[in-house]
Amino acid sequence: MNSRKWVRLFLSTLLIGGIATAAVGIVFNWEEFGRLLLRLEMVEFMAVLLWHIGVGFIFSVISQAGFFAYLTVHRFGLGIFRSLWNSVQLVLIMFVLFDLVYFRYMAFADKGDSIIPYMLVALFILAVGLAVAYVKSAQTNKGAFVPALFFMVVVTVIEWFPVLRINDRDWLYLMLIPLLVCNAYQLLILHKLTGAAKQ
């Protein structure tokens, strides 16, 4: 990975983060965007859109920091746990998903609220992680499945933590979906940039 490829990865991920956040923002705030369009308030429309893109750039940078941190942690994990590293990652995935459901439910649910909505969020992250990990392993090798799943689940939840604390629905999805998109993109493009062949 030379500096030119790193810059390409950084800029492309930045762009994807901005576009993904703008798209999610339009979907979840369609009432506001639609009102501005109907009134032909294009300056304000563009201002709100650019604000979402700017926020997306921030989410993208968080995603990239998490990605490079994981690459480092992965190397340390392989060195310390060796053949047990995949098992350790699977345990951590289950632990993080359990915590994501249990602690959010205990912290934010009102008396009588169902735990199902909290479980659905965790299952959504797991489903996306499994899909991305499958594609990654198909494009490279079977050994990439567990590390890819770990990154998509555990690292995404860690990156998502700032908005988990405030538990605002709009912010939860506004950050989660771009993080998943950026993380998936980086994971699936890395071996193409580094020229790692399928084994």
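Note: the structure precedes this text.
Residues numbered from 1 in each chain as written. Predicted model: local features only at pLDDT ≥ 70, side-chain atom pairs only at ≥ 80, totals over all residues. Heavy atoms only, no water.

(A) Inspection of the overall build of the protein chain at higher detail. The helix and strand inventory of the protein chain stands at seven helices and zero strands. For the protein chain, the succession of helices and strands along the chain, N to C, is α-α-α-α-α-α-α. Taken along its principal axes, the extent of the C-alpha atoms in the protein chain is 60 × 50 × 25 Å. Split into buried and exposed, the 199 residues of the protein chain put 41% on the buried side. Pairs at least 24 apart in sequence give 71% of the contacts found in the protein chain among residues at least 6 apart. (Helix = DSSP H or I, 4+ residues; strand = E, 2+ residues; numbered from the N terminus. Buried < 20%, exposed > 50% of the residue type's maximum accessible area, 1.4 Å probe, protein only. Contact = heavy atoms within 4.5 Å.)

(B) Region of interest: helix α4 (residues 85-108). A rise of 1.5 Å per residue sets the reference length of α4, with its 24 residues, at 34 Å; its end C-alpha atoms lie 34 Å apart and thus fit the reference within 8%. Where α4 is buried, its residues touch α3 (42-81), α5 (116-139), α6 (145-164) and α7 (169-194). (Expected span 1.5 Å × (residues − 1).)

(C) Seen up close, unusual backbone geometry. Phi angles above zero are rare outside glycine, and Arg82 is one such case at about 55 degrees. Locating Arg82 in the fold gives a position in the loop between α3 and α4. Located in the positive-phi region is Asn167, a residue other than glycine, with phi close to 60 degrees.

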